[in-house]
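Commentary on secondary and tertiary structure
So you can see what is in the structure, the chains are spelled out below.
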Amino acid sequence: MSTLSSLLSRSQQRTICSHLGTVKLKLLYKATVHGFTGAAFHQRCDNQSPTVSVGYNTSGYVFGGYTSQPFNQSGQYVNDDQAFLFRLTGGKLQKYPVTNPPYALLMEGSTGPYFGNALIFVNGNSPVISSNPGNYYNFNAAEMHGNDLNLTECEVYQVEETTELEKPWRTVIWESEKRNELMESIKTYKPTVSSVSQARVLLIGQVGAGKSSFFNSINSVFRGHVTSQAISGSSSTSLTTQFRTYSLKAGREGKPLPIVLCDTMGLEDSKGAGLDVDDISSILKGHMPDRYQFNPAAPLHAESHGYNKSPELKDEIHCVAYVIDACKVSIMPAKLEEKLETIRRKVNLLGIPQLVLFTKVDEACPLVKDDLRNIYKSGYIKDLMQEVSTRVGVPLSCVVPVKNYSGELELDLNCDILLLSAVIQMLRFVDNYFDELSDRLSSARLND
């Protein structure tokens, strides 16, 4: 039999899972496929636990209930002090906990999921709901389902623990010697093109994704302590309002490193706000001067003050890094996805390599929060990375997870290794770009 298709979006599933721990949902029963009958429900769901039951009505409401106890057809009430009802709306879950646990569930053979007389799905073997707020669960019926008792779909999911992957799917050496080796590789890197002394990497991302924090974090690693040169923090609008080119130094009095991180205004999904897509072209081609003040209403033009009319290869961008917040992948607005697609097309036309810096991985997964070395053992993070790979349109091999320094006062070895590995990946991509340029020049000469 073909795999059942879930009506719950990935984002909605993650919202539910965030209330249940490190888990995933497996679809057991779908009324439009198996039938709006108690028999069909029990055949698929009896003796399975924990479960999440979800109803959808003709008014578009999404609501349901969770129980830690397995379903059966005993005709008896079942005690469950963990049970709750809920409504999903706008990426949030409104929870209504059980108020009388001994009557949390009734195991009735002729209905679907039956939550203590308060909420019944597939009642009387029909696509209808019975709703009765009161002694067992307190909720506002209008708020939960808009008083619309007509079911268009009912789904029941088994809640499964997501265990660590048996072995990491990428190999990382978590040792101080490795950190020193990575730092040395970055310090001694030289672009393969003699006219360029520093690789220029452009950071592009949503407001608050961690672009400025990434520069601060790399700077911190080489300074030997946490620093915050670039303005960063939490805000609904971009804290970066200028185009900034940040040169990193190998220590306080050290030489500049052979990489420049170019920071931009945050991308926003609304029109006329955040970084203008037309400004991206100016940056990529090397026309935009450092400290240029972004104006979302009017992109840079040839007559603007400081406009570089004759950029050289050293002024251009050699690699683009999309900075994406791991916690917001599934709720990325469609307009923002469209902007990223437009930018990616522009970058592709210029043949510039692209990767994704996947930030805030520790906030997205408890396993990683507990120990950053679990980053490639987390099946959840791997799923997220595959999702961002699809959404941004880059191969999974081009998605690099990092944890920026934010609240810490001291450096952390594991954090440093992920950050430095990301820079190494950028430099490899820059090499690819210069190799491609050299090949094109050689071909052009042969064809002359």
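Under an unreviewed UniProt entry, the name given to the chain is TLDc domain-containing protein, and the source organism is Characodon lateralis. Regarding the chain, the UniProt comment filed under Sequence similarities (unreviewed entry) reads as follows: "Belongs to the IFI44 family."

Moving on, we come to the packing of aromatic side chains. On inspection of all chains with the given rule, the structure shows 13 aromatic pairs. Look at Phe 41 and Phe 71: their rings are 5.0 Å apart centre to centre, the planes differ by 75°, and that puts the pair in the edge-to-face class. Here Phe 41 is found in helix α3 (residues 38-45), whereas its partner Phe 71 is found in the loop between β3 (62-67) and β4 (77-78), with 30 residues between them in sequence. Of the two residues, Phe 41 and Phe 71, neither departs from the other in class, the shared state being buried. The interplanar angle of 50° and the centroid separation of 5.5 Å between the aromatic rings of Tyr 103 and Tyr 136 together place this pair among those described as tilted.

What follows covers empty space enclosed by the protein. One pass over the structure, following the stated rule, counts 2 cavities of 30 Å³ or more. Considered as a void within the structure, the largest cavity measures approximately 70 Å³ in volume. Taken together, Gly 205, Gln 206, Ala 209, Leu 267, Val 323, Ile 324, Asp 325, Lys 328, Met 332, Leu 336 and Leu 340 make up the full set of residues lining the largest cavity. At the level of elements, β16 (319-325) and α8 (334-349) are the ones that each hand at least two residues to the lining of the largest cavity. Here the lining of the largest cavity takes 3 residues from β16, the largest share from any one element. Looking at side-chain class alone, the lining of the largest cavity contains 7 nonpolar, 2 polar and 2 charged residues.

Okay, unusual backbone geometry next. Here Ser 49 and Pro 50 are connected by a cis peptide whose omega angle stands at -15°. Looking at the element boundaries, Pro 50 is found in the loop between α3 and β2 (51-57). Of note in the backbone geometry, Val 122 takes a positive phi value of approximately 55° without being a glycine. Mapped onto the fold, Val 122 is located in the loop between β9 (119-121) and β10 (129-131). A positive phi is found at Arg 291, a non-glycine position, where the angle reads about 65°. Note that Arg 291 resides in the loop between α7 (277-284) and β15 (292-293). The exposure class of Arg 291 is partly exposed, given its relative accessible area of 48%.

Quick notes on the rules
- Residues numbered from 1 in each chain as written.
- Predicted model: local features only at pLDDT ≥ 70, side-chain atom pairs only at ≥ 80, totals over all residues.
- Heavy atoms only, no water.
- UniProt positions renumbered as here; feature names shortened; annotations may be inferred.
- Phe/Tyr/Trp six-rings, centres within 6.5 Å; stacked < 30°, edge-to-face > 60°.
- Helix = DSSP H or I, 4+ residues; strand = E, 2+ residues; numbered from the N terminus.
- Buried < 20%, exposed > 50% of the residue type's maximum accessible area, 1.4 Å probe, protein only.
- 1 Å grid on protein atoms, 1.4 Å probe; cavity = no way out; pocket = protein on both sides within 12 Å on 5 of 7 lines; lining within 4 Å.
- Points joined across faces, edges and corners; volume = space filled by probe spheres on them.
- Nonpolar A, V, L, I, M, F, W, Y, C, P; charged D, E, K, R; others polar.

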